[in-house]
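# Structural overview for review
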Amino acid sequence: MTNGEHGISVRARWIAGATLAACVATATAATPAAAATPTVACTSSKAALATKLKKDITAALANRKGTIAVGLYDRTTNTTCSLRASSAFDSASVVKVTVLATLLWDAKKHNRYLTDTEAARAKAMITKSDNDATSKLWKQLGMTKIKGFLAAAKMTQTKPGANGYWGLTQITVTDEQKLLKLITAKNSVLSDNARDYIQKLMGQVISSQRWGTPYGAPSGVSVHVKNGWLQRATHGWRVHSVGTFKGGGHDYTITVLTHGNSTMNYGITTIQGVAKVIHKDLAAS
């Protein structure tokens with residue numbers, strides 16, 4: 001991952017410079033440092049629900065170390081919550097949903113079904129997070145098709161990892177939520193069959209990988225999830241979870257992206273703290 005590491009070190013130097021400049025500007029303006037801290041923003045057709053979610057997500061994140069980005073969208077109540085929605089993270093394995101969506105989008109363009117090999121790789125990639133299957137599909141698709149899908153999906157903030165390093169794809173909450181919306185409602189990018197297929201596989205993820213956003217989901221709510229985890233020299237552990245949920249009078253998607261975690265389990269605990277209050281608040285609304 002030499003290229004990835006190098007790219008990060010260059011960015012890190014730029015960010016350090018930008019941060020220094022921001023600090024100087026802040027000091028000059030005598031603005032409290034806390035003013036720069038992003039806060040959870042929530043809107044809803046039910047004002048009380050937005051207020052409750054903002055309060056509870058904020059409380060869940062209190063005293064949690066690392067950088068955390070959150071996205072929630074519930075179609076039923078037109079509720080949206082976001083925190084650091086445009087901050088970029090190394091994707092780790094959550095990019096695998098994008099790889100599958102690209103494969104299905106491209107197959108639809110050529111009016112064909114997936115081959116048995118493609119289907120087997122897709123299943124292993126999503127249900128077991130198989131890296132070898134992902135690398136083969138990523139190479140098969142190539143950068144032109146992957147970028148083509150991202151353009152069609154209007155995922156303009158997503159930057160595919162270079163030199164085959166799909167796990168270093170840069171993702172944001174905004175784009176992951178766009179993808180989850182495409183998977184869960186009729187649209188012109190993914191066929192109904194493709195959407196059903198993606199959700200089916202996300203619903204069959206092995207039990208040891210069903211942590212994260214499903215945590216605290218009420219019984220009777222259907223759960224579809226894909227998680228990602230990756231440790232690197234910078235920013236410690238990246239731990240991410242994206243999920244779609246339907247039932248109990250709600251139809252919602254959750255994305256939580258984190259890095260700067262000391263361990264994988266620390267990141268999981270952070271994500272599950274957020275997920276638990278979201279499920280609870282929606283169920284009560």
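Residues numbered from 1 in each chain as written. Predicted model: local features only at pLDDT ≥ 70, side-chain atom pairs only at ≥ 80, totals over all residues. Heavy atoms only, no water.

### Let's talk about the layout of surface pockets
Within this model, the second largest pocket holds a volume of roughly 300 Å³. Surrounding the second largest pocket, Leu104, Ala107, Lys108, Asn111, Arg112, Tyr113, Leu114, Ser191, Asn193, Ala194 and Tyr197 form its lining. Only helix 3 (95-109) and helix 7 (192-202) provide two or more residues apiece to the lining of the second largest pocket. Considered class by class, the residues forming the lining of the second largest pocket number six nonpolar, three polar and two charged. (1 Å grid on protein atoms, 1.4 Å probe; cavity = no way out; pocket = protein on both sides within 12 Å on 5 of 7 lines; lining within 4 Å. Points joined across faces, edges and corners; volume = space filled by probe spheres on them. Helix = DSSP H or I, 4+ residues; strand = E, 2+ residues; numbered from the N terminus. Nonpolar A, V, L, I, M, F, W, Y, C, P; charged D, E, K, R; others polar.)

### Here's the deal with the pairing of strand 3 (residues 79-83)
Side chains of strand 3 alternate between two faces, with Thr79, Cys81 and Leu83 buried and Thr80 and Ser82 left unburied. When strand 1 (residues 41-43) meets strand 3, the two strands line up antiparallel, connected through three bridges. By the bridge assignment for strand 3, cysteine 42 is matched with cysteine 81. The turn linking strand 2 (residues 67-74) back onto strand 3 is made up of four residues, and asparagine 78 within it adopts a positive phi angle of 50 degrees. (Buried < 20%, exposed > 50% of the residue type's maximum accessible area, 1.4 Å probe, protein only. Pairing = 2+ DSSP bridges.)

### Focus on the pattern of salt bridges
Under the criterion given, the structure shown has eleven salt bridges. Of the charged contacts, one joins aspartate 281 and lysine 52 as a salt bridge, the two residues approaching to 3.9 Å between their closest N and O atoms. Here aspartate 281 is found in helix 8 (residues 264-284), whereas its partner lysine 52 is found in helix 2 (residues 47-61), with 229 residues between them in sequence. The salt bridge partner of aspartate 192 is arginine 195, with a shortest N-O separation of 3.2 Å. Pair noted here: aspartate 192 and arginine 195 are both in helix 7, with a separation of three residues, about one helical turn. In this structure aspartate 192 comes out as partly exposed when scored by relative accessible area, which is 31%. Its relative accessible area of 11% is what places arginine 195 among the buried residues. (Salt bridge = Lys/Arg side-chain N within 4 Å of Asp/Glu carboxyl O.)

### Structural notes on the state of the cysteines
According to the stated counting rule, one finds one disulfide in the structure shown. Between the sulfur atoms of cysteine 42 and its disulfide partner cysteine 81 the distance amounts to 2.1 Å. As the torsion about the S-S bond is roughly 115 degrees, the cysteine 42-cysteine 81 disulfide counts as right-handed. Within this pair, whereas cysteine 42 is found in strand 1, its partner cysteine 81 is found in strand 3, the two being separated by 39 residues in sequence. A relative accessible area of 16% places cysteine 42 in the buried class. (Disulfide = S-S within 2.5 Å.)

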